[in-house]
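Observations on chain architecture
Letter by letter, the chains look like this.
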Amino acid sequence: MRFLKVMDYSKIYPSLDLHGEYQFSAKYLTEEFINDNIQLKNYMLCIIHGIGDGLVKKAVYEFLKTDKRVKKYKQDIFNPGCTIVELWEDK
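I will try to describe carefully the structure that is included in this document. (Residues numbered from 1 in each chain as written. Predicted model: local features only at pLDDT ≥ 70, side-chain atom pairs only at ≥ 80, totals over all residues. Heavy atoms only, no water.)

This part takes up the nonpolar core. One recurring pattern in soluble globular proteins is that nonpolar side chains are buried together. Counting residues in each nonpolar core, the largest one holds 17 residues, and the members touching the most others are L18, I34, I47, V60, L64, V85 and L87. Only α2 (23–39), β2 (44–48), α3 (55–66) and β4 (82–87) provide two or more residues apiece to this core. For this core, the element with the highest residue contribution is α3, accounting for 5 residues. (Core = buried A, V, L, I, M, F, W, Y, C linked by side-chain atoms within 4.5 Å. Buried < 20%, exposed > 50% of the residue type's maximum accessible area, 1.4 Å probe, protein only. Helix = DSSP H or I, 4+ residues; strand = E, 2+ residues; numbered from the N terminus.)

Moving on to the packing of α2 against α3. In the contact formed by α2 and α3, the axes pass within 9 Å of each other and the chain directions differ by 45°. Considered as vectors, α2 and α3 are oriented oblique to each other. Relative to α3, α2 is oriented so that their crossing is right-handed. From α2, Q23, A26, K27, T30, E31 and I34 reach across to α3, where they touch L55, V56, A59, V60, E62, F63 and L64. Across the contact of α2 with α3, the residue classes tally to 8 nonpolar, 2 polar and 3 charged. (Axes fitted to C-alpha atoms, helices over the stretch in contact; angles between N-to-C directions. Parallel < 35°, antiparallel > 145°, perpendicular 65-115°, else oblique. Left-handed = near helix turned anticlockwise from the far one by under 90°. Contact = heavy atoms within 4.5 Å. Nonpolar A, V, L, I, M, F, W, Y, C, P; charged D, E, K, R; others polar.)

A word on the sheet that holds strand β3 (residues 70–75). If you trace the 4 strands from one edge of the open sheet to the other, you get β1-β2-β4-β3, paired in mixed fashion. The open sheet has two edge strands with one neighbour each: β1 (15–17) and β3. Strand-to-strand twist across the sheet, computed as the mean angle between neighbouring axes with direction ignored, equals 20°. Sheet topology note: the β2/β4 ladder contains 5 bridges and is antiparallel. (Pairing = 2+ DSSP bridges.)

Here it is, written out as structure tokens:
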């Protein structure tokens, strides 16, 4: 029997853990996290928002949808409490 190895993106990409945060602080921390990683030239990120009621995830997605530096984002298939974010690279 073969087992599928699950990829843990939080160990591969820089990650931000928003467990225990409120919606407003989650947006602020997400923006600062993106700012820092653009300066460090990291263009793939992992944001851990948890599952819960989905309020923090909704706030993070609202921010990501309006931020022009975000190329795309998607929920991790294997971990619904985590979102993978791809930023536009500087040319």
